[in-house]
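Observations on the three-dimensional arrangement
In case you want the letters, here they are:
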Amino acid sequence: MDRKDRLRHLLTGRPSPLPSAVPEAGAAGDAAPDLAPRITRYPLAHRHGDVPLAAGWPISGNLLRLAGLDGPETGYAGRPLLLDTETTGLAGGTGTHIFLMGLADWQDGELDVRQYFLPDPRWERPFLERIAAELAAHDLIVCFNGKTYDMPLLQTRLVLNGMRLRELPVLDLLHPSRRYWRPLIGSCTLQNLEQAALRFQREGDLPGWEIPDLYFRYLRQRDPAPLEGVIHHNRLDLVGMAALVGALNIRLSVELPRDPRALECLLRAQLQRGRLEEFRRLREVHGEALEEAGRHHAGLGITLARLCKRAGELEAAYRLALHLSEHRPDQAADCFELVLIHEEHELRDYAQAAAHCERYLEQVRRRSDADGLRERLAGRLERLTAKLRRQQPPE
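No experiment lies behind these values; they were computed from the predicted model shown. (Residues numbered from 1 in each chain as written. Predicted model: local features only at pLDDT ≥ 70, side-chain atom pairs only at ≥ 80, totals over all residues. Heavy atoms only, no water.)

The full count for this structure, using the stated rule, is 34 salt bridges. In this structure, Asp-334 engages Arg-306 in a salt bridge whose closest nitrogen and oxygen atoms are separated by 3.6 Å. A residue pair is termed long-range when its members are at least 10 positions apart, and Asp-334 in the loop between α12 (314–327) and α13 (336–346) and Arg-306 in helix α11 (residues 298–310) qualify at 28 residues. One network of salt bridges, in which partners are shared, links Arg-41, Asp-105, Glu-110, Asp-112, Arg-114 and Glu-134. (Salt bridge = Lys/Arg side-chain N within 4 Å of Asp/Glu carboxyl O. Helix = DSSP H or I, 4+ residues; strand = E, 2+ residues; numbered from the N terminus.)

Rendered as structure tokens:
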């Protein structure tokens, strides 16, 4: 047996029914299986829960930037490809095969879903060639947790078959979804997000852990009927991802999102990735609206104040932090030190800084989760008091 037949023998768990001298895939006398995809088309008016598929196109530039990619100002209208795999295991590595590749894109007023099935490991190379041709016709991969699992596994399978894939940017929906929804729902699995963000409840869907065993059973028995559930699961994942793009687009599609949580997520990503020029452009156009939103939403305001400070706009950062510390102290304790640092080092108003520090200390004394902040404030107050003593004229 050749290398692929030995692998198939290990996967099936029993001796291969094929003769020992099996010709290579595609050799004369070895009939090629049908590797054409199963195609399902959904009109863009189709709703997955509350969200129409049309909402996912074009992809918001803000969504791309939230995912760490370079997004155009007006929205991305290139050639994205939704991608989801079903595999023989979750461990990855050279022993794991992709046996079902689901691909989808928006075209001609529809979401076009194409599902490629690998009927036998011997035919992996032509199976992968079809997938590689699909990817070559697109310029962005859209997936869910694909950066960690699907794409590395696909690259591994391609390399083992002597193939290469040009590097494409990857929009992994898991990361922007976590930024927005994790404070609200905790675990951000695709199905949890479908329920919370799309109001879609799957019925009769296969649990993911059953899927590898169903493929192994197919290899042993050659009965494709049980795999219909796997194909349905994969198709739901693709449609769910398309709708999730739509749900994020709805929140992020305008330059200055009206949803405070979405705006906070966008600003936090700018802060964490040091995208200060991007922030300055946003502030130049929407400065007043940004500050107004920051005054009314503590989390957004804290992030905005930090960005202003990082961008060198110290007075704006101080003004916003002071407002939040006075009007939302229970939610904005993170602003206390911004205020005190500015008053001590920029304004050199030690008396005002000490007065604020005393008030902040009193507020955090009642909190059991602020030990570190309480210690820092106490140390700062001691230093400010010493500075005030040195400013007093001798008697």
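What follows deals with α13. Residues spaced three or four apart along an α-helix face the same direction, because each turn holds 3.6 residues. Burial of α13 is extensive: eight of the 11 residues sit out of reach of the surface. Those residues of α13 that fall on the buried side of the exposure criterion are Phe-336, Glu-337, Leu-338, Val-339, Leu-340, His-342, Glu-343 and Glu-344. Where α13 ends, the next residue or the one after it, Arg-348, has phi of about 55°, a positive value. (Buried < 20%, exposed > 50% of the residue type's maximum accessible area, 1.4 Å probe, protein only.)

Relative to the elements of secondary structure, Glu-362 occurs in helix α14 (residues 350–364). Once the C-alpha coordinates of Glu-362 and Arg-374 are considered, the two residues, 12 residues apart in sequence, prove to be 9.2 Å apart.

Direction vectors running N to C along helix α6 (residues 190–198) and helix α8 (residues 228–252) enclose 45°, while the axes themselves pass 10 Å from each other. As summarised for this structure, α6 and α8 are arranged oblique, according to the angle between their axes. Along this stretch, α6 crosses α8, giving a crossing that reads as left-handed. Together, Leu-190, Gln-191, Leu-193, Glu-194 and Leu-198 of α6 and His-233, Leu-236, Asp-237, Gly-240, Met-241, Ala-243, Leu-244 and Ala-247 of α8 make up the contact between the two elements. Partitioning the contact of α6 with α8 into residue classes produces eight nonpolar, three polar and two charged. (Axes fitted to C-alpha atoms, helices over the stretch in contact; angles between N-to-C directions. Parallel < 35°, antiparallel > 145°, perpendicular 65-115°, else oblique. Left-handed = near helix turned anticlockwise from the far one by under 90°. Contact = heavy atoms within 4.5 Å. Nonpolar A, V, L, I, M, F, W, Y, C, P; charged D, E, K, R; others polar.)

What follows is about the sheet that holds strand β7 (residues 140–143). Judged by pairing direction, the sheet is mixed, and its six strands sit side by side in the order β1-β6-β5-β4-β7-β8 without closing on themselves. The sheet terminates laterally at β1 (38–43) and β8 (170–172), the two strands that pair on one side only. Neighbour-to-neighbour, the strand axes of this sheet turn through a mean angle of 25°, independent of strand direction. Packing against the sheet, helix α4 (residues 150–160) makes contact with β4 (80–87), β5 (98–107), β7 and β8, and its axis sits at approximately 75° to β4. (Pairing = 2+ DSSP bridges.)

Counting buried positions along β5 yields nine of 10 residues, so the element is predominantly enclosed. As paired elements, β4 and β5 share six bridges and run antiparallel to each other. Note that in β5 the partner of Thr-85 across the bridge is Met-101. What sits between β5 and strand β6 (residues 110–117) in their antiparallel hairpin is a turn of two residues, with Asp-108 showing a positive phi close to 50°.

Let us now look at the packing of aromatic side chains. In the structure shown here, the tally under the stated rule is eight aromatic pairs. With a centroid separation of 6.5 Å and an interplanar angle of 85°, the aromatic rings of Trp-57 and Tyr-76 are classed as edge-to-face. Pair noted here: Trp-57 is in the loop between β3 (51–52) and α2 (61–66) and Tyr-76 is in the loop between α2 and β4, with a separation of 19 residues, a long-range link. A ring pair is formed by Tyr-215 and Tyr-218, whose centres lie 6.1 Å apart and whose planes are at 20°; its orientation type is stacked. Here the residue Tyr-215 and the residue Tyr-218 both occupy positions in helix α7 (residues 211–221), the gap between them amounting to three residues, near one helical turn. A relative accessible area of 10% means that Tyr-218 is categorised as buried. Ring-pair connections join several aromatic residues into one group, and the members of that group are Phe-99, Phe-117, Tyr-215 and Tyr-218. (Phe/Tyr/Trp six-rings, centres within 6.5 Å; stacked < 30°, edge-to-face > 60°.)

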